[in-house]
Amino acid sequence: FIPDWKFIGAALCTKFIVWPGLIAGLVLADRYYFSFYGPEIHSIGLLIAAVPIAANVAAFSSMLNVHADKAASAVLVSTVVSLFYIPALFILFPV
């Protein structure tokens, strides 16, 4: 088995850059302009955006016989990245 680094890179870029960036933008907009939610909800939103790719992705791909090895490797790499990414995100965006 050879990991598909192009797929893993695209999945990690989407999961750890695009999605948290959108959520951080919403949190900042709410904090400074709208004030609909408090800091607790902002923290929860950032945490949910920063968690690794769900393991059910690998389970579903295995069940459907659709590139289960790619999905499992993406889940593994995203879990390892999350060990460092989640603390770094909360250092950069204290809420």
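As shown above, the structure is provided for reference.
Below is a short write-up of the structure. Within each chain, residues carry numbers counting from 1 in the order of the written sequence. Only residues with pLDDT of at least 70 are given local features in this predicted model, and only at 80 or more are side-chain atom pairs given and counted; all residues enter the totals for whole chains, interfaces and linings. For side-chain calculations, the full set of non-hydrogen atoms in the structure is used, while hydrogens and water are omitted.

### Comments concerning the side chain of aspartate 30
So, step 1. The helix and strand labels rest on DSSP assignments: H or I over at least four residues marks a helix, E over at least two residues marks a strand, and numbering proceeds from the N terminus. Inspection of the secondary structure assignment puts aspartate 30 in helix α1 (residues 5-34).
So, step 2. Among buried Asp, Glu, Lys and Arg side chains, aspartate 30 stands out as unpaired, with arginine 31 the closest opposite charge at 7.8 Å. Each residue is placed in one exposure class: buried if its accessible area under a 1.4 Å probe, protein chains only, is under 20% of its type's maximum, exposed if it is over 50%, and partly exposed if it falls in between. In this count, Lys and Arg are taken as positive residues and Asp and Glu as negative ones, while His and the chain termini are left out. Salt bridge, as applied in this entry: a Lys or Arg side-chain nitrogen positioned within 4 Å of an Asp or Glu carboxyl oxygen.

### Side note on the pattern of salt bridges
As a working rule, side chains carrying opposite charge can pair if their charged atoms are close by.
So, step 1. In the structure shown here, the tally under the stated rule is 1 salt bridge.
So, step 2. With its nearest N and O atoms 3.1 Å apart, the salt bridge here joins aspartate 4 to lysine 70. With aspartate 4 in the segment before α1 and lysine 70 in helix α4 (residues 68-92), this residue pair connects regions lying 66 residues apart in the sequence.

### What about the packing of aromatic side chains?
So, step 1. Each aromatic pair joins two rings of Phe, Tyr and Trp (for Trp, the six-membered one) with centres within 6.5 Å, and gets the label stacked for planes under 30 degrees apart, edge-to-face for over 60, and tilted for any other angle. Applying the stated rule across the entire model yields 2 aromatic pairs.
So, step 2. When the centroid spacing of 5.8 Å and the interplanar angle of 5° are considered together, the rings of phenylalanine 34 and phenylalanine 36 count as stacked. Both residues of the pair, phenylalanine 34 and phenylalanine 36, count as exposed.

### Some details on a nonpolar patch on the surface
So, step 1. Together, Leu28, Tyr32, Tyr33, Phe34, Phe36, Tyr37, Ile41, Ile44 and Ile48 make up an exposed nonpolar region whose accessible area comes to about 1,100 Å².
So, step 2. Where the nonpolar patch is concerned, the elements lending two or more residues are α1 and α2 (39-50).
So, step 3. Per-element tally for the nonpolar patch: the top contributor is α1, with 4 residues.
So, step 4. Along the chain, isoleucine 48 falls in helix α2. Like charges within 9 Å and nonpolar side chains (Val, Leu, Ile, Met, Phe, Trp, Tyr) within 5 Å are joined into patches, using only residues over 30% in relative accessible area that form no salt bridge. To be clear on the numbers: accessible area is Shrake-Rupley with a 1.4 Å probe, and residue cover counts the displayed protein chains and nothing else.

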